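# Coordinate inspection notes
Here's the letter readout for the chains.
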Amino acid sequence: MASVKLTKVKKIYDNNVVAVHDFDLDIKDKEFVVFVGPSGCGKSTTLRMIAGLEEISEGTIEIDGEVVNDLQPKDRGIAMVFQNYALYPHMTVYDNIAFSLRLQKVPEDVIYEKVTNAAEILGITEYLLRKPRALSGGQRQRVAIGRAMVRNSKVFLMDEPLSNLDAKLRNQMRAEIILLRQKLDTTFIYVTHDQTEAMTLADRIVIMKDGYIMQVGTPEECFDMPNNLFVAEFIGAPKMNVLKTELSQEGGKYFVKPFGVKLEVDGVKGDMLKEKKVPAGEVILGVRPEHIVLAKEGEPGAIPVVLEVNEMMGSELHLHVYTEDGTRLIVRVPTIDLTHEQRENMVNGHKLFITFEGKVMHFFDPESEKNLLV
Amino acid sequence: MSNENIAELEKRKRGMGLKASARLSNTIIYILLVVISIIWIIPFLCIVLQSFRVESTWKVGYVIPQQWGFDNYVKLWSTNFPRWYLNTFVIALVVAVVQTLIVLCMSYTLSRFRFKMRAGLMRFMLILGMFPGMLAMIILYRVLDDLGMTGENMLPGLILVYVASSGMGYYVSKGFFDTIPKSLDEAARIDGATRAQVLTKIILPLAKPIVIYTILTAFMGPWGDFVFARYVSQLKPLGMNVAVGLQSWLATDTMTHDYYTLFCAGGVVVALPVAILFMCLQKYYVEGVTGGAVKG
Amino acid sequence: MKRYSDLEYLRLSKGQKFLYKLASFFLAIPRGIGTFFLGIGRFFKKLGVGIGKEISDVVMTFVKGDWKTKTSYLVMGFGSIARGQMLRGLLFLLFEAVFIFYMVTAGGYWMSMLPSLGKIGPHEEYNMVLDTHYTVYGDNSFKILLYGVLTLFFIVAFLYTWRLNIKQNKISEDILRSGKKLKSGKDDLRSLVDDQFHKTLLALPLIGILVFTVMPIVFMILVAFTNYDGSHNGYSNALFTWVGLDNFKTIFSWDVGGVNYAATFGEVLTWTLIWAFFATFTNYFLGIFVAMMINKKGIRLKKVWRTILVLTIAIPQFISLLYVSKMFDINGLVNGALMSLHITDHAIDFWGTPWLARIMVIVINIWIGIPYLMLIATGILMNIPADLYESSRIDGASGWKQFTKITLPYMLFITGPYLLTSFTGNMNNFNVIYLLTGGRPTNPVASGAAGSVGYTDLLITWLFKITTGSDTKYYLASVVGILVFLVVALFTLIVYGLLPSVKNEEDFQ
């Protein structure tokens, strides 16, 4: 168990390409932190710098208070699970897990205990004498975890461990990782490009883009109060709807006019706008698909749209609509809220009305893309 | 694809019958393959047959001996051939071991480690390889001569020449090592292994095919080398290897007159063990060629 | 020339497209040459900047360094010893001691003789007591050149190590200033099997290459500027000395002492290039063809066919070549068979007719080379994704179309670099030519130049003859060797510039 602290960590490659800019992060002991972002954002590079597999160009990394910049991976007290598992193909599962212990010259009976213990927790006891090529993806995954488990390390690093699994297995393994976390009681640093994994697994998420940290926060914080447009669009599926519109102030109240329909910014968001004294002007307005509701024609705030594509997801419909000026939006409607007749009508060309409340609105500066309420 | 083309295909198929057309092309191919096989085997068949010819030792216009016998093989013993054979065998053994070690060291390092001089080093060796190797031999020969390692005592000299620069032949092995995922190295290092332990405990067990390939090619090399052995031997009979020696038997017409069938017998004696060894390890050779040489 | 946009290009007819591509190709050449020279210029600039940086770094380290560092400028390793790194310090000190000792005792002498390559040659002296003349040997040009070059290498190595020593001091000072500890001797040894393992692994191979390839080549390049030959071997018969660019002038001149070197060189070079071209490409395409035949669906006994061909790789080449050479002699097996079958009535002089000998050499080389190419081609063929063929079959492609549009491009892409090395390798393919023909038949235009040069001689076999005949002109061999290098280097550069498939090895990982 240990804390991990990154201070102004930078990674610059030989051809002067900067992969990671000024990375600052304080990870508490036993915290589960997820680095998430699109490909090439630097999340794996940062993880590998913590592991010692990449040289740190600038800045310091401390594990448990000790600066580890010049330490070899084996001396940092870390364990790592790789994306492609990296199991030793010529050794049995038992030998794979026992490898590090044997290098440390741990007595064989102690090794036996530790390995069989880990195997039992992971449910791979019956595979101990098999070679990796005789195992399925999920089983190999577990062996990789087992290999990392027995080392009693301070920090557990995982580099996109679920990326190579099919969808169903991924869901299953996600739950198992949560269980594992409870059992292991260690600090976890997890890298993924899947925001669902990040949201479900993390205590805190670190969202990265092009080598910069976009936001650090709990899943709720990132979801409810994204720092900027990138985070807002990255977290949550389907993507948040964004559009440019005019924010105006009238008589102490704020209004927006999406697609010509005037909506008041009431509730929590309205208060926040007043508190921050946000000036009127052009803004980027963001609304999540699940926060848009169907409205009736003629209602105040009802925006007319035309349905293009209707995705039947089971418990809800994902309606792809477009407005009069051609802007495309996605609306999530629980199936249970519609009558059978209404559902029948949801075909290409069907005219609908939608609206949304003030409390679900997000406002971003059109140039800096920063959240105006943060 | 247009409808006319589909119709065309159908017509052609119906005209010949799909099976029939395939059978025709297959038959042609079989014939070709048989012809090719015969052409490829014939010279060796001839050598073997000629080695059993007893009635004359010179070149003749026919293949099948009139009198069969092992005379030529027996005569080999009374020439310098056994010495040449011994020379070449010892050299091949030593070279097989040392060269493999050197090549593997070089190719593993270039595959796994990213150090500052790496790209420059590889480019430098590429350029170095553009010089004809013979050029180096001219002076090396004179130096070795001064040190007394030529002529009859050419064994250590020739071995040195073969193995010292063998590091430049890293290409195929490196290609093979490149196919082993780096993440295995990284996992082992995190598990606590030093770089040296990564090599011995993880990589080498997985590198069996390329190790065998390297040993095989290193062993076979000295059996067929002509140029370097010729320089170092100074044409002193006891200092030759089989290639230089056998070539000397056919160097002039007078020599050929007396030694032609002996040459055939010598050729068989040299080729047979090497060929058998090769065929046994053929699988690894093929893997090395198709794997490393192509993907590397 | 007009540059077409993508859509405009698509509207052109097939002929027009071809012409357009051709024109673009030729226009790209001057640009390529320009980029090449720019590259050289940039390289030298980087070199200059690099050297400048090093010099300024050396000066600054001295100025900013403490007394331990300053002393290290004279006594190498002092700084390391003074800071507790005994192992490193002693190694540096030892190196400096050895170097100074060497330079004082031997190095100085060799360097001083280098410009002249010896002054006193072998000469006669008269012994009054015995009333005889006897030969006294003086300087040894060969040894002077050899040890002089070695000394130069040593000096360069010393400068490099001295610079390393300076850098060490600076790094040590920085480390100590930031409060960290220096690596001990034990740490250093341990790192040799860990993060510095590559140095341990590379040490022996690189030393071998340095001593047995780099130095001889440097030596031979220098020989090209001397007159070292059989009658000037530098010691027992006469000294040799520098002749500047004379040898290069010789090889390009039409008449030097009755020998037409330029014509010889021209003839041999032309044939070398032609030979390399045919040898490489006949083997390549025929190898692919054979591989495809064996690999075809429906052909049985695949392993048998392959084994028969692979067998020829197993047998040492020289046996096959020497025997086949005799087979096609005037009184050899082939002529015997041809005559007894009444196909011809008199023997065909395969090796005596220039054009026939050349064709024969190429043909026999096919026999030697196909099995190897077949292996490579088979390996690649098996790796071509099957769905490429399947989708093309649905699209209606015939067998030939599939070959030209799928198989061939894929092959060329993967084996591009291999073709290049194969081509340059064939340029230096000594065994096939020498053991088959020995260079025969003699080329009247080319002969007279250091041994008889023939119609099938390559530059490399000519080189061999120059150095093993009765009249060994080593300087000529060096010149030819250098020219071979230049031709190969030129080719490689051009092809690498043109090939799109020069692969990035990281792609595979």
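Predicted, not measured: the structure shown is a model, and the values here were computed from it. (Residues numbered from 1 in each chain as written. Chains lettered and ligands numbered in written order. Predicted model: local features only at pLDDT ≥ 70, side-chain atom pairs only at ≥ 80, totals over all residues.)

## A few points about the overall build of chain A
Each helix and strand in chain A was counted, giving ten helices and 20 strands. Overall, the C-alpha framework of chain A stretches about 80 × 50 × 35 Å when taken along its three principal axes. Looking at chain A residue by residue over its 374 residues, the buried ones come to 38%. Taking as baseline every contact in chain A between residues at least 6 positions apart, the subset at least 24 positions apart corresponds to 65%. (Helix = DSSP H or I, 4+ residues; strand = E, 2+ residues; numbered from the N terminus. Buried ≥ 20, exposed ≤ 12 C-beta atoms within 10 Å, placed from the backbone. Contact = placed C-beta atoms within 7 Å.)

## Comments concerning the overall build of chain C
Helices and strands together make up the secondary structure of chain C, namely 20 helices and two strands. Here the C-alpha coordinates of chain C stretch approximately 85 × 80 × 55 Å along the principal axes. Classification of the 509 residues of chain C by burial places 32% in the buried group. Pairs at least 24 residues apart make up 61% of the contacts formed inside chain C by residues separated by at least 6 positions.

## Things to note about unusual backbone geometry
Residue and element names in this part refer to chain A. A237 connects to P238 through a cis peptide bond whose omega is -5°. Although it is not a glycine, F259 adopts a positive phi angle of roughly 55°. In this fold, F259 is placed in the loop between β12 (253-256) and β13 (263-264). With 15 C-beta atoms packed within 10 Å, F259 lands in the partly exposed category.

## Quick notes on the interface of chain C and chain B
Across the contact, 81 residues belong to chain C and 70 residues belong to chain B. Ranked by residue count, the leading element in the side of chain C that touches chain B is helix α8 (residues 197-223) of chain C, at 17 residues. Looking at the side of chain C that touches chain B, its residues break down into 53 nonpolar, 21 polar and seven charged. (Nonpolar A, V, L, I, M, F, W, Y, C, P; charged D, E, K, R; others polar.)

## Some details on the packing of helix α2 (residues 93-103) of chain A against helix α4 (residues 137-149) of chain A
Two numbers describe a pair of packed helices, the interaxial angle and the distance between the axes. All names here are of chain A. Look at α2 against α4: their axes get within 8 Å of each other, and the N-to-C directions meet at 30°. Between α2 and α4, the angle is such that the two are roughly parallel. Crossing of α2 over α4 shows right-handed handedness. Residues V93, N96 and I97 of α2 pack against V143, G146 and R147 of α4. Residues belonging to the contact of α2 with α4 are distributed by class as follows: three nonpolar, two polar and one charged. (Axes fitted to C-alpha atoms, helices over the stretch in contact; angles between N-to-C directions. Parallel < 35°, antiparallel > 145°, perpendicular 65-115°, else oblique. Left-handed = near helix turned anticlockwise from the far one by under 90°.)

## A few points about the domain arrangement of chain A
Residues and elements named next belong to chain A. According to the domain assignment, chain A consists of domain 1 (4-234) and domain 2 (241-364). The straight-line distance from the C-alpha centre of domain 1 to that of domain 2 is 39 Å. Across the boundary between the two partners, domain 1 contributes five residues, which contact five residues of domain 2. Looking at the side of domain 1 that touches domain 2 residue by residue, the classes come out as three nonpolar, one polar and one charged. (Domains from an automatic or database assignment.)

## Focus on the domain arrangement of chain C
Per the domain assignment, the segments of chain C are domain 1 (6-60), domain 2 (65-244) and domain 3 (261-501). The distance between the C-alpha centroids of domain 1 of chain C and domain 3 of chain C comes to 33 Å.

## With respect to the sheet that holds strand β20 (residues 362-364) of chain A
Residues and elements named next belong to chain A. Strand order in the open sheet made by the five strands is β13-β12-β11-β14-β20, with antiparallel pairing throughout. Strands at the two margins of the open sheet, each flanked by one partner only, are β13 and β20. Looking at chain direction, strand β11 (residues 241-250) and strand β14 (residues 281-287) are connected through seven bridges and run antiparallel. Bridge pairing in β14 links L247 to G281. (Pairing = 2+ DSSP bridges.)

## Some words on the confidence of the model for chain A
Interpretation of this model should avoid reading the predicted coordinates in detail wherever pLDDT is low. On average, residues of chain A carry a pLDDT of 91, and 100% of them reach 70 or more. Here helix α10 (residues 340-345) of chain A stands out as the element of chain A with the lowest mean pLDDT, 86, in contrast to strand β3 (residues 32-36) of chain A, whose mean of 96 is the highest. (pLDDT = per-residue confidence, 0-100.)

## Some thoughts on the sheet that holds strand β6 (residues 78-81) of chain A
Residues and elements named next belong to chain A. Ordered by their spatial adjacency, six strands build an open sheet running β6-β7-β8-β3-β9-β10, and the pairing between neighbours is mixed. Edge positions in the open sheet fall to β6 and β10 (212-217), since each of these has one partner strand only. Strand after strand, the sheet turns through a mean of 15° between neighbouring axes, direction not considered. For strand β7 (residues 155-159) and strand β8 (residues 187-192), the ladder comprises five bridges, and the chain directions are parallel. Residue pairing in the sheet places M158 in a bridge with Y190 of β8. Of the strands in this sheet, β6 and β7 touch α4, which is tilted by about 175° from β6.

## Description of the confidence of the model for chain C
All names here are of chain C. Mean pLDDT over chain C: 82, with 96% of residues reaching 70 or higher. Low pLDDT (under 50) marks residues 500-509, which in the prediction has nine contacts with non-local residues, meaning those over four places away or in another chain. For this predicted complex, the interface confidence comes out at an ipTM of 0.85, alongside a pTM of 0.83.

## Brief notes about the nonpolar core
If you look at the biggest cluster of nonpolar residues, it comprises 247 residues, and the most contacted ones within it are V34, L157 and I189 of chain A. Looking at this core, the element that brings in the most residues is helix α4 (residues 81-112) of chain B, giving 13 residues. Other than its neighbours up to four places away in sequence, L157 of chain A contacts L47, I50, A51, I78, A79, M80 and I189 of chain A. (Core = buried A, V, L, I, M, F, W, Y, C linked by C-beta atoms within 7 Å.)

## Concerning the environment of L103 of chain A
In this structure, L103 of chain A sits in helix α2. Spatially, the C-alpha atoms of L103 of chain A and K74 of chain A are 11 Å apart, while their sequence positions differ by 29 residues. For L103 of chain A, the contacting residues outside a window of four places in its chain are D191, G192 and A193 of chain B.

## Observations concerning the pairing of β6 of chain A
All names here are of chain A. Taking every second residue as pointing to the same face, both faces of β6 are buried, with I78 and M80 on one and A79 and V81 on the other. Direction of pairing for β6 relative to β7: parallel, over a ladder of four bridges. Directly across from A79, in β7, lies its bridge partner F156.

## Let's talk about helix α5 (residues 86-113) of chain C
Residue pairs spaced three or four apart in an α-helix point in one direction, given the helix's 3.6 residues per turn. Residue and element names in this part refer to chain C. Taking 1.5 Å per residue as the helical rise, α5 with its 28 residues ought to reach 40 Å, and the 39 Å between its terminal C-alpha atoms agrees with that figure. Of all the bends found along α5, the most pronounced is centred on M103 and spans about 60°. Burial in α5 covers these residues: R88, G89, F92, G107 and W110. Those residues of α5 that are buried lie in contact with α4 (78-82), α6 (141-177) and α7 (185-191). (Expected span 1.5 Å × (residues − 1). Bend = angle between axes of the 7 residues up to and from the residue.)

## A short note on the environment of K274 of chain A
Residue placement: K274 of chain A occurs in helix α9 (residues 267-276). A sequence separation of 208 residues divides K274 of chain A from E66 of chain A, and the C-alpha atoms of the two residues are 46 Å apart.

## Section: the pairing of strand β19 (residues 351-355) of chain A
All names here are of chain A. Across the two faces of β19 the burial differs, with L352 and I354 buried and K351, F353 and T355 not buried at all. Relative to β19, strand β15 (residues 293-294) is paired through two bridges, and the arrangement is antiparallel. Residue V293 lies in a different strand from β19, and its bridge partner there is T355. Inspection of the sheet shows strand β16 (residues 303-312) paired to β19 by four bridges, in the antiparallel sense. The partner of V306 across the bridge, within β19, is K351.

## Structural notes on the packing of helix α13 (residues 242-249) of chain B against helix α14 (residues 253-280) of chain B
All names here are of chain B. The contact between α13 and α14 brings their axes to 7 Å, and the two run at 150°. In terms of their interaxial angle, α13 and α14 are classed as roughly antiparallel. Residues V242, L246 and W249 of α13 pack against M255, Y259, L262, F263, G266, G267 and V270 of α14.

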